[in-house]
Amino acid sequence: MENINMFCYQCSQTAGGKGCTKAGVCGKDATLARLQDNLIFALKGISAYLYHAGELGFRDKNLEKFITKSLYSTLTNVNFDSASFVRAGLDAGRINIDVMRLLKKAHIESFGEPEPAKVNTGIKNGKGIIITGHSLKVLDELLKQTVGTGINVYTHSELLPAHGYPGLRKHQHLAGNIGKAWYDQKDIFSEYPFPILASSNCALIPRDEYRDRMFTAGVVGLPGVKHIEGYDFSELIAMAKQTPDFPGTESQSVLTTGFSLSSIASAKEKIKELVEKGRIKRFVLVGGCDAPTKKNDYYRILVKALPKDTVILTLACGKFRINDLDLGDIDGIPRLIDLGQCNDSIVAIDVVSSLAELFGKGINDLPVSYVLMWMEQKAVAILWSLLALGIKGIRIGPIIPAWVNADILKVLTDNFDLKLIGDPEKDAEGIMSGQ
């Protein structure tokens, strides 16, 4: 595992370095620093969810108080106890569940309960705007302001699940989704000449060729890019009107998104019957925050290796590794179910809880496995939410979180049976055997 130099809080030198005067305890300090980094990553994720809920007018002072207290706890000389920061991670996971539930409530009350929807991935002939990020509020305001303008609005990456919300899908000019995970945006935005609006994090510093037609809104900002305060997108829309019409392109695939807890719960008796008959052997949650590495081909190979009696639940931008696969269905139950953004991870938690109630089993006795990628920021918060629920046997990889060292990995392995991914086909065999 990569050795990352960390600051020693007791001697103000690089932990374990030549200038360190506390060689006997620097190993602990390095672990402590990493655990503090973990908590800060989780707080960033929690803050992102809380910010988006706040955009829609939903606030919770108790959640804001937790963030303040937890961030303060990472200051030098406040706490040197590594075990307390493991507990703090679990506390953050529990709070993150409340935050995600608040955000989901905000989305549903604002735009309706999501419903399964087919989404084109091609471009219509004409003018357009691309919107990327996570903010449904920003998307909603853009759609309202472009009604009757002849401008098509295309979502990119994590805004794909927006197409499942009735309050957003009612706009006929919400034309489709282009691109996949966040890191393809430089190529995608260079390919299409439309103005671009970044609504949240995951926006990359733009190439010069499209910098002058990119805008940001909300919390995000980029060097040399015009930031729009509030939700007045008139300048962006004026630019789109002046852009020459773009010829249409065919959809590379049609993606299905918009599965909510209610849409799955409505089929619970069917699901129970199929499980009891052995038609569905296992549910596998495959998702997380994708990274631009060839190693993440693991997830596509894994899903292809899983037998036809498995149902794959997927969410966050990790779904783009697999959501174009035609996996068919099991007696009407889709084998690939897109639960939404990383912001919608609460849906996965509620689905698993519903399965536990449906079958009268503990959460770790269910035929459910978890395979998650890249543990940073929001994904850190989600990982600790799953651990706080007592879920064991989660597989992660291929990138080891930067805040993990051998000591932390041992704690997670010993206490939560956390596993590192290996060969995808062998992992598929292990998953089907319940390992």
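It should be emphasised that the depicted structure is a prediction, and the values quoted were computed from it without experimental measurement. (Residues numbered from 1 in each chain as written. Predicted model: local features only at pLDDT ≥ 70, side-chain atom pairs only at ≥ 80, totals over all residues. Heavy atoms only, no water.)

**Q** I keep staring at unusual backbone geometry and nothing clicks. Help me out?
**A** Most peptide bonds are trans, and most residues other than glycine sit at a negative phi. Here the amide bond leading from G397 into P398 is cis, since omega sits at 0°, within 30 degrees of zero. Mapped onto the elements of the fold, P398 is located in the loop between β15 (395–396) and α14 (406–416). A positive phi angle is found at C202, which is not glycine, with a value near 75°. Residue placement: C202 occurs in the loop between β5 (196–198) and α7 (208–211). (Helix = DSSP H or I, 4+ residues; strand = E, 2+ residues; numbered from the N terminus.)

**Q** What is the right way to read the side chain of Q341 from this model?
**A** By the secondary structure assignment, Q341 is in the loop between β13 (336–340) and α12 (345–359). There is a polar contact of 3.2 Å between the side chain of Q341 and the backbone oxygen of H134. Residues contacting Q341, with those up to four places away along its chain left out, are H134, L136, E158, L159, P161, L315, A316 and K319. (Polar contact = N/O pair within 3.5 Å; in protein donor to acceptor, adjacent residues only side chain to side chain. Contact = heavy atoms within 4.5 Å.)

**Q** What am I meant to see in the pairing of strand β9 (residues 282–288) here?
**A** Taken residue by residue, a regular strand's side chains alternate between the two faces of the sheet. The buried fraction of β9 amounts to 7 of the 7 residues, a majority that puts the element mostly inside the structure. Side chains R282, V284, V286 and G288 of β9 all project onto a buried face; the interleaved residues F283, L285 and G287 project onto the opposite face, where all are buried too. The pairing of β9 with strand β10 (residues 310–315) spans 6 bridges and is parallel. Looking at the pairing, G287 lines up with L315 of β10. (Buried < 20%, exposed > 50% of the residue type's maximum accessible area, 1.4 Å probe, protein only. Pairing = 2+ DSSP bridges.)

**Q** Any chance you could explain the environment of R207 here in plain terms?
**A** Following the sequence through the fold, R207 ends up in the loop between β5 and α7. Of note is the side chain of R207, whose polar atom sits 2.7 Å from the side chain of D187.

**Q** Teacher, can you tell me more about the environment of E158 here?
**A** Structurally, the position occupied by E158 is in the loop between β3 (151–156) and α5 (166–169). In this structure E158 touches G133, H134, A316, C317, K319, F320, G340, Q341 and C342, once residues within four positions along its chain are discounted. For E158, the side chain forms a polar contact with the main-chain nitrogen of C317, separated by 3.3 Å. Looking at E158, its side chain comes within polar contact range of the side chain of K319, at 3.2 Å.

**Q** Teacher, can you tell me more about the environment of I131 here?
**A** With respect to the helices, strands and loops of the structure, I131 is situated in strand β2 (residues 127–132). Under the relative-accessibility criterion, I131 is labelled buried at 0%. Between the C-alpha atom of I131 and that of D245, which follows or precedes it by 114 residues, the distance is 18 Å. The residues contacting I131, other than those within four sequence positions of it, are V138, L139, L142, V153, Y154, T155, H156, L159, L197 and S199.

**Q** Looking at this model, I keep getting lost on the side chain of D184. Mind explaining?
**A** Of note, D184 is situated in the loop between β4 (174–178) and α6 (185–191). Within the buried core, D184 has no salt-bridge partner, and the shortest N-O distance to an opposite charge, that of K180, equals 7.5 Å. In this structure the side chain of D184 is engaged in a polar contact, spanning 2.7 Å, whose partner is the side chain of H156. In contact with D184, other than residues within four places in its own chain, are H156 and G179. (Lys, Arg positive; Asp, Glu negative; His and termini not counted. Salt bridge = Lys/Arg side-chain N within 4 Å of Asp/Glu carboxyl O.)

**Q** Is there a simple way to explain helix α13 (residues 378–388) in this structure?
**A** Since there are 3.6 residues in each turn of an α-helix, residues three or four apart along the chain are aligned in direction. Counting buried positions along α13 gives 10 out of 11 residues, so the element sits mostly inside the fold. Within α13 the residues assigned to the buried category are K378, A379, V380, A381, I382, L383, W384, S385, L386 and L387. Following α13 by one or two positions, G390 adopts a phi angle in the positive range, close to 85°.

**Q** Explain the pattern of salt bridges here, please?
**A** Opposite charge on two side chains allows them to pair when their charged atoms are near. Inspection of every chain in the model, using the stated rule, returns 21 salt bridges. We note a salt bridge from E273 to K277, for which the minimum N-O separation is 2.9 Å. Using a relative accessible area of 32% as the deciding quantity, one classes E273 as partly exposed. Judged by relative accessible area, which is 60%, K277 ranks as exposed. For the salt bridge of D297 with K294, the shortest nitrogen-to-oxygen distance reads 2.9 Å. Salt bridges sharing common partners tie together D290, K294, D297 and R321.

**Q** I tried to follow the confidence of the model for the protein chain on my own but got confused; where do I start?
**A** In low-pLDDT regions, the fine details of the predicted coordinates are not to be read closely. For the protein chain, the mean per-residue pLDDT works out to 89, and 92% of the residues sit at or above 70. Here residues 1–28 scores under 50 on pLDDT; set against residues more than four positions off or in separate chains, the count is 46 contacts. (pLDDT = per-residue confidence, 0-100.)

**Q** Teacher, can you tell me more about the packing of helix α3 (residues 82–111) against α13 here?
**A** The description of two helices packed together rests on the angle between their axes and the distance between the axes. For the pair α3 and α13, interaxial distance at closest approach is 7 Å and the crossing angle is 100°. Considered as vectors, α3 and α13 are oriented roughly perpendicular to each other. Residues V86, G89, L90, G93, R94, N96, I97 and M100 of α3 form the contact with α13, whose own contacting residues are A381, I382, W384, S385, L387 and A388. Class assignment of the residues belonging to the contact of α3 with α13 gives a composition of 9 nonpolar, 4 polar and 1 charged. (Axes fitted to C-alpha atoms, helices over the stretch in contact; angles between N-to-C directions. Parallel < 35°, antiparallel > 145°, perpendicular 65-115°, else oblique. Nonpolar A, V, L, I, M, F, W, Y, C, P; charged D, E, K, R; others polar.)

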